[in-house]
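What follows is each chain in one-letter form.
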Amino acid sequence: MNYKDTEIENLNRALCRVIEGDGDASDMIKAADQVLTFSAAFCVVNRKGRAPVYLGDTYPDGAAKEAVQLYVRQTYLLNPIYNAFLDGLPPGIHRMIDLAPDNWVFAAEGSEVLIEDGEEIGYRTPGWPAGLQEMALTVDLGDGAMGELSFARPAEEGGFSSDLVDRLAPFHSLFSTAFRSLWSRQSKTAIANKPTEVVLKDFASDILSPREAEIVGLILKGHSSLSISLSLGIALPTVKTHRKNAYSKLGISTQQQLFNAFLQWNGNV
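1. A short note on unusual backbone geometry
Okay, step 1: Positive phi outside glycine occurs at Asp 143, with the angle close to 55 degrees.
Okay, step 2: Phi is positive for Ala 204, close to 60 degrees, though the residue is something other than glycine.
Okay, step 3: Tracing the backbone shows Ala 204 in the loop between helix 7 (172–193) and helix 8 (210–220).

Laid out in structure tokens, this is it:
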């Protein structure tokens, strides 16, 4: 990889500000901007059983910035990177498309914007800018916490190729040091102010059987019926029967309605 001297100097300066205690998440994003092409980014800390701790973002004011907050409150539960974290995702640089399940392309219907077949992961948090691909730099912060710098880039501009991954990779250790320094200063306040969050398996658990709730959760994460069949080791017709019964109990008939029901439920818990 070829880097300009000014790029390395500016990256180091921004991360040193964080390490020395004078910088914040915006400085880590500025550092990445020296060697990586992206349109917007956000910074969070993921912890099991709790909503992410928001540290900063560069999304434009208005609907996009509000969508980041909606993600932190609700739709993170469906996100491939967050779910990979729950499954033991190692520190590194990860493209979302490489972590997504097999069925992230759904048919959009009606006026809702959540499910969109043109999106990299098949759905979009309401207000989130359309047509973006995402990549995350993840850091082990200790005590089961994972730092995440998530970058977005328009798919029409090529998204995140392996070349862009390679441009950021050599600096992962330095970003990790900066992130740990930032979190060491903010973790106590952040943890104290964040209540315990629900988990996806709680969705509709009062009306669905355990197996139906399990299948609905996998649908919400983007798995197809075939993927669910293979993952759970049950026959495909059995999956479809559970799915039909779950939809009936929820009073819905489509995936779009399922996502809407999830948003309403999670907004009320």
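2. Here's the deal with the confidence of the model for the protein
Okay, step 1: This prediction gives the protein a mean pLDDT of 85; 85% of its residues lie at or above 70.
Okay, step 2: Counting contacts from residues 104–121, a segment whose pLDDT is below 50, to residues more than four positions away or on other chains yields 54 contacts.

3. Focus: the pattern of salt bridges
Okay, step 1: Overall, the coordinates contain seven salt bridges when judged by the stated rule.
Okay, step 2: Here Asp 27 ties to Arg 17 by a salt bridge, and the two come within 3.2 Å at their closest N and O atoms. With Asp 27 in helix 2 (residues 25–33) and Arg 17 in helix 1 (residues 5–19), this residue pair connects regions lying 10 residues apart in the sequence.

About the criteria used
Residues numbered from 1 in each chain as written. Predicted model: local features only at pLDDT ≥ 70, side-chain atom pairs only at ≥ 80, totals over all residues. Heavy atoms only, no water. Helix = DSSP H or I, 4+ residues; strand = E, 2+ residues; numbered from the N terminus. pLDDT = per-residue confidence, 0-100. Contact = heavy atoms within 4.5 Å. Salt bridge = Lys/Arg side-chain N within 4 Å of Asp/Glu carboxyl O.

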